[in-house]
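A look at the structure
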Amino acid sequence: MRWLLIQLVRGYQKVISPLTPPSCRYSPTCSDYMITAIKKHGAIKGVLMGICRILRCNPFIHGGYDPVPDHFTVFRNKRAQAEYRRSMNLK
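Counting of residues starts from 1 at the beginning of each chain's written sequence and follows it residue by residue. Local features in this predicted model are restricted to residues whose pLDDT is 70 or higher, and side-chain atom pairs enter the listing and the counts only when it is 80 or higher, whereas totals over whole chains, interfaces and linings include all residues. Hydrogen atoms and water are omitted, and side-chain values are computed over all heavy atoms in the structure.

Regarding the packing of aromatic side chains
When we look at a pair of aromatic rings, we describe it by the centre distance and by the angle of the planes. Think of it this way: a Phe, Tyr or Trp ring, Trp meaning its six-membered ring, pairs with another when their centres are within 6.5 Å, and the plane angle makes it stacked under 30 degrees, edge-to-face over 60, tilted otherwise. Using the criterion set out here, one finds zero aromatic pairs in the structure. By definition, being over a ring means that NZ of Lys or CZ of Arg is both within 6 Å of the ring centre and within 35 degrees of the ring normal. Across the ring face of Phe72, the terminal group of Lys45 is positioned such that the distance to the ring centre comes to 5.4 Å.

So, the pattern of salt bridges
Pairing between side chains of opposite charge can happen when their charged atoms approach one another. Here a salt bridge means any side-chain nitrogen of Lys or Arg lying within 4 Å of a carboxyl oxygen belonging to Asp or Glu. Under the definition given, this model contains three salt bridges. A salt bridge links Arg53 to Asp66; the nearest nitrogen and oxygen atoms lie 3.7 Å apart. With Arg53 in helix H3 (residues 43-56) and Asp66 in the loop between strand E2 (64-65) and helix H4 (78-87), this residue pair connects regions lying 13 residues apart in the sequence. Only protein chains enter the area calculation, which uses a 1.4 Å probe; residues under 20% of their type maximum are buried, those over 50% are exposed, and those in between are partly exposed. Asp66 sits in the buried class, given a relative accessible area of 0%. Residue Arg56 is joined to Asp66 by a salt bridge in which the shortest nitrogen-to-oxygen separation is 3.0 Å. With Arg56 in helix H3 and Asp66 in the loop between E2 and H4, this residue pair connects regions lying ten residues apart in the sequence. For the pair formed by Arg56 and Asp66, the shared burial category is buried. Runs of H or I in DSSP of at least four residues are treated as helices and runs of E of at least two as strands, each being numbered from the N terminus.

Topic: the nonpolar core
For this analysis, a nonpolar core means a set of buried residues of the types Ala, Val, Leu, Ile, Met, Phe, Trp, Tyr and Cys, connected via side-chain atoms within 4.5 Å. Counting residues in hydrophobic clusters, the biggest one holds seven residues: Leu5, Ile6, Val9, Met34, Ile35, Ile38 and Ala43. When residues of this core are traced back to their parent elements, those giving at least two are helix H1 (2-16) and helix H2 (30-41). Contact criterion: two residues are considered in contact whenever any of their non-hydrogen atoms come within 4.5 Å of each other. Other than its neighbours up to four places away in sequence, Ile38 contacts Arg2, Leu5, Ile6, Ala43, Gly46 and Val47.

With respect to the packing of H1 against H2
Throughout, an axis means a line fitted to C-alpha atoms (over the contacting stretch in the case of helices), and angles, computed between N-to-C directions, take values from 0 to 180 degrees. Direction vectors running N to C along H1 and H2 enclose 170°, while the axes themselves pass 10 Å from each other. What the angle tells us is that H1 and H2 run roughly antiparallel. On H2, the residues that touch Arg2, Leu5, Ile6, Val9, Arg10, Tyr12 and Gln13 of H1 are Ser31, Asp32, Met34, Ile35, Ile38 and Lys39. Residue composition of the contact of H1 with H2, by class: seven nonpolar, two polar and four charged. Angle categories: roughly parallel below 35 degrees, roughly antiparallel above 145, roughly perpendicular from 65 to 115, and oblique for all the rest. Side-chain classes follow a simple rule in which Ala, Val, Leu, Ile, Met, Phe, Trp, Tyr, Cys and Pro form the nonpolar group, Asp, Glu, Lys and Arg form the charged group, and the remainder, Gly included, forms the polar group.

Some remarks on the side chain of Arg53
The exposure class of Arg53 is buried, given its relative accessible area of 0%. Not counting residues within four places of it along the chain, the set of residues in contact with Arg53 comprises Tyr26, Ser27, Pro28, Thr29, Cys30, Tyr33 and Asp66.

Side note on a nonpolar patch on the surface
Nonpolar side chains collect at one region of the surface, where Trp3, Leu4 and Leu8 lie side by side and expose about 380 Å² of accessible area between them. Note on Trp3: relative accessible area 62%, which makes it exposed. Nonpolar side chains (Val, Leu, Ile, Met, Phe, Trp, Tyr) within 5 Å and like charges within 9 Å form the patches, drawn only from residues with over 30% relative accessible area and no salt bridge. Under the convention used here, a 1.4 Å probe and the Shrake-Rupley method define accessible areas, while residue burial counts only the protein chains that appear.

Right, dumping it as structure tokens:
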């Protein structure tokens, strides 16, 4: 099941994504986030995390660095973003 879901996302990355302008506000991109979430947390939780991330990726959000957390959550990884900002000397 994991393999199939990852292949579907990779198919999107190779076929559909190049046809549209880059619009993801996060790093890593939403599709990379979903692949990592599926690998780390399994098919159901990984897809749920990926869908929530896609819903967060909208024009009303600032975006930024948001890696997949080690524990399951559908919320943004604020700890990793804060560490990234400190390492880059940003506010």
